[in-house]
Amino acid sequence: MFKSGFVSIVGRPNVGKSTLVNQLIGKKVSIVSYKPQTTRDVIRGIYHDQDCQIIFTDTPGIHKSEDLLGEIMNTNAANVSSDAEIIIMLVDASNPSTKSDKYVLEKIKNQQSPLFLVLNKIDQISKKDLLDQLTYYGSLQCFQEIIPISALKKDNLDHLLEVIKQYLPEGPQYFPVDMVSDHSQSFRIAETIREKILFLTQEEVPYSIGVYCENIKETEKRMAIQAIVLVNRESQKGIIIGENGQMLKKIIQWTQKDLKEQFQKSIRLEIYVKAYKNWRNNTRILKMLGYEVE
Ligand SMILES: Nc1nc2c(ncn2[C@@H]2O[C@H](COP(=O)(O)OP(=O)(O)OP(=O)(O)O)[C@@H](O)[C@H]2O)c(=O)[nH]1
Ligand SMILES: [Mg+2]
């Protein structure tokens, strides 16, 4: 019997949702960073094996939002779970934050689908701490399954997959076997650029950038890309460009290297940095970046 279905992964920012999806798929479909609010969009990663297909949905970390983009991120994260066969609430065992986790649980606990609690980053905690946390989550009586893992170390992921399969209904193969993600090339490029900027900049800058591809010209062996990086303020433009353009050069070189591996082509990337005040609240810009805004 072939089984298939959708599994949503939700949780507060930085608990390891994107890391988990990438590890399960065996390929990077979602960018990862040590900073919260890395993922802004709903990202699907498709797992295939002989007798099942699982479509994992990585979601933006649910947080208290301060602007329109934050609100859209939260709404998207909470909405995807409504049509999933299974909802995984992911928590960070090494950094228990019961208040924000409770906030997430409030948003999802009334859904009909089975709810799993997956305790991540157990590589960082003691056995005793793990037992205490398992007891605590058990006492909440909200979860059909409670499974400890380390996404980073791939610890117990096989078991997680086995349990997921038990809950999946008989179903069709929704996607072709060579497909690991349903996102466009330009989205992947923009996300790769954003990932590098997240690593190379500090404080408010990672939250202030928006990236989109304006133009892609592609031949069999080469790809030429023109991308725009939006920032909130003129001063942030200086940070992205850096002294004598050094920072921008670093961003471009690192992105080109990554894209070359992803697409197996030589890459020529140009980035234009534009300041657009308060773009995270601007409906027109958010639409341009691909968000659905009323
Ligand atoms: N030690 C350890 N670190 C982990 C593990 N899983 C993820 N991380 C780290 O946690 C950080 C956040 O990981 P992400 O996968 O970006 O987290 P996220 O939940 O997708 O975050 P947002 O997209 O911001 O909501 C990264 O630095 C990861 O390397 C784990 O099992 N163990
Ligand atoms: Mg993420």
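Residues numbered from 1 in each chain as written. Chains lettered and ligands numbered in written order. Predicted model: local features only at pLDDT ≥ 70, side-chain atom pairs only at ≥ 80, totals over all residues. Heavy atoms only, no water.

The name given to the chain in an unreviewed UniProt entry is GTPase Era, with Candidatus Caccosoma faecigallinarum as the source organism. Check the Subunit (unreviewed entry) section of the UniProt entry for the chain; it says "Monomer." What the UniProt record of the chain gives under Function (unreviewed entry) is the line "An essential GTPase that binds both GDP and GTP, with rapid nucleotide exchange. Plays a role in 16S rRNA processing and 30S ribosomal subunit biogenesis and possibly also in cell cycle regulation and energy metabolism." (UniProt positions renumbered as here; feature names shortened; annotations may be inferred.)

1. Concerning the overall build of the chain
Looking only at helices and strands, one finds ten helices and nine strands in the chain. Relative to a compact globule of 294 residues, whose C-alpha radius of gyration would be 19 Å, the chain shows 20 Å and is just as compact. Oriented by its inertia axes, the alpha-carbon framework of the chain measures out at about 55 × 40 × 40 Å. With 294 residues in all, the chain has 51% of them scored as buried. Considering only contacts within the chain whose residues lie at least 6 apart along the sequence, 71% involve residues at least 24 apart. Roughly 14,600 Å² of accessible area belongs to the chain as shown, and the carbon and sulfur atoms make up 48% of that amount. (Helix = DSSP H or I, 4+ residues; strand = E, 2+ residues; numbered from the N terminus. Rg over C-alpha atoms; globule rule 2.2 N^0.38 Å. Buried < 20%, exposed > 50% of the residue type's maximum accessible area, 1.4 Å probe, protein only. Contact = heavy atoms within 4.5 Å. Areas by Shrake-Rupley, 256 points an atom, 1.4 Å probe, with all protein chains shown as cover.)

2. Things to note about the coordination of the magnesium ion (ligand 2)
On the protein side, the magnesium ion (ligand 2) has S18 (OG) and T39 (OG1) as donor atoms, found 1.9 to 2.1 Å from it. Separated by 21 residues along the polypeptide, S18 in helix 1 (residues 17–25) and T39 in the loop between helix 1 and strand 2 (43–49) bring together distant segments of the chain. Residue S18 shares its accessibility class with T39, and that shared class is buried. (Donors = N, O, S within 2.8 Å, 3.2 Å for Na, K, Ca; no water.)

3. Here's the deal with the sheet that holds strand 6 (residues 145–148)
What the six strands build is an open sheet, ordered 2-3-1-4-5-6; its pairing is mixed. Of all the strands in the sheet, just strand 2 and strand 6 have a single pairing partner and so form its edges. Adjacent strand axes in the sheet meet at a mean angle of 25 degrees when their direction is disregarded. Across seven bridges, strand 1 (residues 3–10) lies against strand 3 (residues 52–58) in parallel orientation. Across the sheet, the residue bridging to V7 is F56, located in strand 3. (Pairing = 2+ DSSP bridges. Axes fitted to C-alpha atoms, helices over the stretch in contact; angles between N-to-C directions.)

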